[in-house]
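# Structural description and commentary
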Amino acid sequence: MNKKTLLGMGATALIAVSLTACGGSAESSNSSSPSASETAASASTSSSASASSSSSEATTPGAYKVASWALPVTNTGDKLGSFKGDSFSVDIYQTATDVASKDGMFVDPDTKENLLKKGAPIVYLNYVVTNTSSADIPLSHSLITPSAKYTDWKYMGGMPSDSSSDGFEKHGLTSSGIKLKEKDPFVLKPGESFNVAENFAYAAGKEAKIEATMNPQGADGKLDHAKKETAETTVTVK
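What you are looking at is a predicted structure, and each value in this text was computed from that prediction instead of being measured.

Scoring rules and cut-offs
Residues numbered from 1 in each chain as written. Predicted model: local features only at pLDDT ≥ 70, side-chain atom pairs only at ≥ 80, totals over all residues. Heavy atoms only, no water. Helix = DSSP H or I, 4+ residues; strand = E, 2+ residues; numbered from the N terminus. Buried < 20%, exposed > 50% of the residue type's maximum accessible area, 1.4 Å probe, protein only. Contact = heavy atoms within 4.5 Å. Pairing = 2+ DSSP bridges. Axes fitted to C-alpha atoms, helices over the stretch in contact; angles between N-to-C directions. Phe/Tyr/Trp six-rings, centres within 6.5 Å; stacked < 30°, edge-to-face > 60°. Lys NZ or Arg CZ within 6 Å of the ring centre and 35° of its normal.

## Focus: the overall build of the protein
Of regular secondary structure, the protein possesses one helix and 12 strands. Reading the protein from its N end, one meets helices and strands in the order β-β-β-β-β-β-β-β-α-β-β-β-β. The buried share among the 238 residues of the protein stands at 50%. Of the contacts made within the protein by residues no fewer than 6 positions apart, 76% connect residues no fewer than 24 positions apart.

As structure tokens, then:
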């Protein structure tokens, strides 16, 4: 999984700004960032078992055929929904809840309140992406990385997250989706899958919009924007 940074300031929009005293850096860019600290729900820890698969011919309990370059896929937890682009599908699983291991990197510019405080309840969503087309999809390190925002999220950027890799490992998840030492392009063959997870502030019963963008890598190693695909859906966090 990888963290989003909040985008530039709008003149009339509230924008979260980096904590100057924050230690530690965000994870890789393909790990998404979590939600607002307004949540009062209490978190219960739920471990998820990781599927053991290392080849493109291996399958998981959910009958996913894992790409040879991808980390094991898990479908543990509650399935919140699925959605499709022209060439891919995404299954969404609410895998676990926990608490943030440290303060997040962003604050509200008006209240100066941290948007994700240490100890705040967080939820992990896991996305299983599958090539539903009849052609290979060559991907860059950005892969096809879905990300969530609560529908009432008032900031221009993405939601903050707990970037600690320990939390992802604890629940059998990955924020990157790729095995170590694998090199791009990461070719996702027809019918093959990979998974990538994110976390954000937990608010049970709240609606979240999930968006995914597929931007394949061209033969020259650059992104082929002419073949870009986007898809989205809305789910309710349990």
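## A look at the sheet that holds strand β11 (residues 207–214)
Strand pairing in a sheet relies on backbone hydrogen bonds, with the paired strands running either antiparallel or parallel. The sheet built from three strands is open, its strands ordered β8-β11-β12 with antiparallel pairing. The two strands at the open ends of the sheet, each matched to only one other strand, are β8 (147–150) and β12 (229–236). Mean inter-strand twist for the sheet, computed between neighbouring axes without regard to direction, equals 25 degrees. In the sheet, β8 pairs with β11 via four bridges, with the strands oriented antiparallel.

## Looking at the packing of aromatic side chains
For the structure on display, the rule yields five aromatic pairs. Taken together through their ring pairs, the aromatic side chains of W69, F186 and F194 make up a single cluster. The ring of Y150 is capped by K206, whose NZ or CZ atom sits 4.7 Å from the centre of that ring.

## A look at unusual backbone geometry
D184 connects to P185 through a cis peptide bond whose omega is 0 degrees. Here P185 is to be found in the loop between α1 (165–170) and β9 (186–188). Positive phi, normally seen in glycine, also occurs at L143, with a value near 50 degrees. Relative to the helices and strands, L143 resides in the loop between β7 (137–139) and β8. Exposure remark for L143: the relative accessible area of 2% places this residue in the buried category. You will see that K181, though not glycine, has its phi angle at about 75 degrees, which is positive. Residue classification places K181 among the exposed positions, given a relative accessible area of 82%.

## Details of the environment of T234
Relative to the elements of secondary structure, T234 occurs in strand β12. Excluding residues that lie within four positions of it along the chain, T234 makes contacts with T151, E207, A208 and K209.

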